[in-house]
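# Secondary and tertiary structure notes
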Amino acid sequence: MVHWSAEEKQLIAGVWAKVNVEECGAEALARLLIVYPWTQRFFDNFGNLSSPTAIIGNPKVRAHGKKVLTSFGEAIKNLDNIKGTYSKLSELHCEKLHVDPENFRLLGDILVIVLASHFGREFTPACQFAWQKLVGVVAHALARKYH
Amino acid sequence: MLTAEDKKLIQQIWGKLGGAEEDVGADTLWRMFHAYPPTKTYFPHFDLSQGSDQIRGHGKKVVAALGKAIKNIDNLSQALSELSNLHAYNLRVDPPRFFSQLLSQCLQVVLAVRLGKEYTPEVHSAVDKFMSAVAAVLAEKYR
């Protein structure tokens, strides 16, 4: 089980309370598809992904980004059982979606950068540490049921 | 790898740091040591407390090297040749992990903190690619 200090929990909750899940989720997913274009391989049916502008404005990208970050919210509500929270999603990403878990790490790092750009100096080194830890734990949990 | 547009964006964004390079360097290193404690294993001889002179000094060196690379972005191999030797034969820091991932991530967080919305997806992409290119050059002589 992952240990979270009181400070880490507070840093995570403090940032999360101010996050616009729809905007942040959309931005994070769009950046994944822009910065690491090979990740578009998982989204063939999303329509126009031909340019950064197209990706950012794509409604399916926005909707899926929101879905992904909403699920992150579940992890934050259940910091003491992230493994359990992501068990079914892990199976799904392995068996149905066939996503290389390395992509979870990429998205996690991008989310941290998005938060940094939104929160500025408020996103202190201690804050970054807590969030890098969180995205790492989430990525690990999502990879756990792979076989 | 780096398109003309990427190079333009990188030079622009670096220009916006206007004199804050030393702070950017120190902030980047401190965040890296804080977020990824294993990176400290490469600096057992340093005082790694917050604000230490050694972190500031080393941060300044790193950012100066990146600045030089950006000025010579069309010939990274030559611009970073000495550093490439140093990292291959003396320092032997794991290049893909250290530079591409950890240092790059922390530098980008620092840039995002400072630039906010100006750290657009296009700029993000260009910087990420640039750091990958730097990592590749620094690793050229590893084996």
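Bear in mind that the values here come from a model prediction, so they are computed numbers and not experimental data.

### Topic: the overall build of chain B
Each helix and strand in chain B was counted, giving seven helices and zero strands. Counted from the first residue to the last, chain B has its helices and strands arranged as α-α-α-α-α-α-α. C-alpha atoms of chain B, sized along the principal axes, occupy 40 × 35 × 25 Å. Burial analysis of chain B (143 residues in total) assigns 50% to the buried set. Relative to all contacts within chain B whose residues are 6 or more apart in sequence, the contacts with residues 24 or more apart total 76%. Carbon and sulfur atoms provide 52% of the accessible area of chain B, an area that totals close to 7,000 Å². Here chain B holds 17 positive side-chain charges and 15 negative ones, and the gap between their average locations is 2 Å.

### Quick word on the interface of chain A and chain B
Every contact between the two is made by 22 residues of chain A and, on the other side, 24 residues of chain B. Linking chain A to chain B there are zero salt bridges. Our count for the chain A to chain B interface comes out at nine residue pairs in polar contact (both at pLDDT 80 or more). Breaking the side of chain A that touches chain B down by element, the ones donating at least two residues are α2 (21-35), α3 (52-57), α7 (102-119) and α8 (125-143) of chain A. Sort the elements by how many residues they give to the side of chain A that touches chain B and α7 of chain A lands first, with seven residues. Residue classes in the side of chain A that touches chain B are distributed as 13 nonpolar, five polar and four charged.

### Description of the UniProt feature "domain: Globin" (unreviewed entry) in chain A
The feature "domain: Globin" (unreviewed entry), as given by UniProt, occupies residues 3-147 of chain A in the numbering adopted here. Counting secondary structure, residues 3-147 of chain A comes out at 70% helix and 0% strand; the distance between its end C-alpha atoms is 26 Å.

### A few points about the packing of aromatic side chains
Under the definition given, this model contains six aromatic pairs over all chains. Look at Phe104 of chain A and Tyr146 of chain A: their rings are 6.4 Å apart centre to centre, the planes differ by 75°, and that puts the pair in the edge-to-face class. Here the residue Phe104 of chain A occupies a position in helix α7, and Tyr146 of chain A occupies one in the segment after α8, the gap between them amounting to 42 residues. For the ring pair Phe43 of chain B and Phe46 of chain B, a centre distance of 5.1 Å and an interplane angle of 50° mean the geometry is tilted. On the accessibility criterion, Phe43 of chain B (10% relative accessible area) is buried. Pairwise contacts between aromatic rings join Phe33, Phe43 and Phe46 of chain B into one cluster. A cation over a ring is seen here: Lys133 of chain A above Trp4 of chain A, with NZ or CZ 4.8 Å from the ring centre.

Definitions and cut-offs
- Residues numbered from 1 in each chain as written.
- Chains lettered and ligands numbered in written order.
- Predicted model: local features only at pLDDT ≥ 70, side-chain atom pairs only at ≥ 80, totals over all residues.
- Heavy atoms only, no water.
- Helix = DSSP H or I, 4+ residues; strand = E, 2+ residues; numbered from the N terminus.
- Buried < 20%, exposed > 50% of the residue type's maximum accessible area, 1.4 Å probe, protein only.
- Contact = heavy atoms within 4.5 Å.
- Areas by Shrake-Rupley, 256 points an atom, 1.4 Å probe, with all protein chains shown as cover.
- Lys, Arg positive; Asp, Glu negative; His and termini not counted.
- Charge placed at Lys NZ, Arg CZ, Asp CG, Glu CD.
- Salt bridge = Lys/Arg side-chain N within 4 Å of Asp/Glu carboxyl O.
- Polar contact = N/O pair within 3.5 Å; in protein donor to acceptor, adjacent residues only side chain to side chain.
- Nonpolar A, V, L, I, M, F, W, Y, C, P; charged D, E, K, R; others polar.
- UniProt positions renumbered as here; feature names shortened; annotations may be inferred.
- Phe/Tyr/Trp six-rings, centres within 6.5 Å; stacked < 30°, edge-to-face > 60°.
- Lys NZ or Arg CZ within 6 Å of the ring centre and 35° of its normal.

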